[in-house]
Amino acid sequence: EAGVAQSPRYKIIEKRQSVAFWCNPISGHATLYWYQQILGQGPKLLIQFQNNGVVDDSQLPKDRFSAERLKGVDSTLKIQPAKLEDSAVYLCASSFRPGQGADTEAFFGQGTRLTVV
Amino acid sequence: AQSVAQPEDQVNVAEGNPLTVKCTYSVSGNPYLFWYVQYPNRGLQFLLKYITGDNLVKGSYGFEAEFNKSQTSFHLKKPSALVSDSALYFCALGPSSASKIIFGSGTRLSIRP
C-alpha cells in the first residue's frame with residue numbers, strides 16, 4: 001500500500017515570498033490533516049479535512065495560510081506571504097475513520113522542510 | 001479541553017535495559033491514544049494505539065503501552081532497549097467524540113551501547 005506522498009521535500013524562500021506544498025493521501029482515506037512541526041516541538045494541527053470539507057482550521061493563521069482539497073483527494077497548503085517564524089516541517093497525514101475506533105490512526109508523509117530566510 | 005503531556009524531554013537508557021516513556025492525558029469522554037516515533041528527517045511512524053479493551057497494547061518493534069484510566073496515563077514500554085530505538089517519541093490523543101488528533105511535545109529517547 002502506497003503511503004502519504006508530499007512534495008517538495010525541502011524548500012528555501014525569502015520572507016514575504018509565497019510557497020505551496022502538495023499532499024496525496026493514502027487511497028480511500030477520507031480525512032486529511034496538515035500539521036506544522038517547529039524544531040523541538042510536537043506537531044501542531046493546522047487544518048483537517050473530511051473529504052473536501054474543512055472540519056477544523058482553528059489554528060490556521062488565515063491571514064497568510066490557506067489550504068484546499070479539491071475533489072476530496074489531493075491537497076495543497078499555501079503560505080503567502082511567508083514570515084521567518086514559518087520555518088518548520090509541514091506534515092501531511094491521512095486516516096480512514098478517525099474517531100470511530102479501528103482504523104482511526106493517522107499515517108504521515110515524510111514532510112516538507114521549509115526554511116524562510 | 002483535551003490535552004496530552006509528555007513530562008520528560010529526554011530519557012537515557014543503557015542497551016538491554018527496560019525503557020519507559022511517559023504520557024498523561026486529559027479528555028472528557030473516552031480517549032483514543034497513540035504512540036508515534038520520528039527518526040531524523042523522517043515523518044512520524046505509527047507504533048501502537050489504545051481504543052478499547054485490554055489495557056496492555058502491543059505494537060511495532062517490540063514496543064507496548066499500558067493504558068491506566070485512574071492515572072490518565074499511557075506509558076510506552078519495551079523490555080529490552082536497542083540502540084536503534086534512539087529517536088523522538090510522540091504520544092497523541094484523539095478523543096472518541098471527535099476526530100482531531102493532538103500531539104504531546106515529544107520525548108527524545110537515547111539508548112547508549
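Residues numbered from 1 in each chain as written. Chains lettered and ligands numbered in written order. Predicted model: local features only at pLDDT ≥ 70, side-chain atom pairs only at ≥ 80, totals over all residues. Heavy atoms only, no water.

Enquirer: Would you mind showing me how to read unusual backbone geometry here?
Expert: Glycine aside, residues mostly have negative phi, and peptide bonds are mostly found in the trans state. A cis geometry characterises the amide bond from Ser7(A) onward to Pro8(A), with omega recorded as -10°. Mapped onto the elements, Pro8(A) comes out in the loop between strand 1 (5-7) and strand 2 (10-13). Following Gln80(A), the chain continues to Pro81(A) via a peptide bond in cis, the omega torsion being -5°. Note on placement: Pro81(A) falls in the loop between strand 8 (75-79) and strand 9 (88-95). Positive phi, close to 60°, is recorded for Tyr61(B), a residue that is not glycine. (Helix = DSSP H or I, 4+ residues; strand = E, 2+ residues; numbered from the N terminus.)

Enquirer: What is the right way to read the state of the cysteines from this model?
Expert: One covalent bond between the sulfur atoms of two cysteine residues makes up a disulfide. What the rule picks out here adds up to 2 disulfides over all chains. Note on cysteine connectivity: Cys23(A) is disulfide-linked to Cys92(A), with sulfurs 1.9 Å apart. Taking the sign of the S-S torsion, about -70° here, the bridge from Cys23(A) to Cys92(A) comes out left-handed. With Cys23(A) in strand 3 (residues 19-24) and Cys92(A) in strand 9, this pair connects stretches of sequence that are 69 residues apart. Judged by its relative accessible area of 0%, Cys23(A) falls in the buried class. Residue Cys23(B) pairs covalently with Cys91(B) via a disulfide, S to S 2.0 Å. Given an S-S torsion of about -65°, the disulfide between Cys23(B) and Cys91(B) has left-handed geometry. Highlighted residues: Cys23(B) in the loop between strand 3 (19-21) and strand 4 (24-26) and Cys91(B) in strand 10 (residues 87-95), separated in sequence by 68 residues. When sorted by exposure, Cys23(B) lands in the same class as Cys91(B), which is buried. (Disulfide = S-S within 2.5 Å. Buried < 20%, exposed > 50% of the residue type's maximum accessible area, 1.4 Å probe, protein only.)

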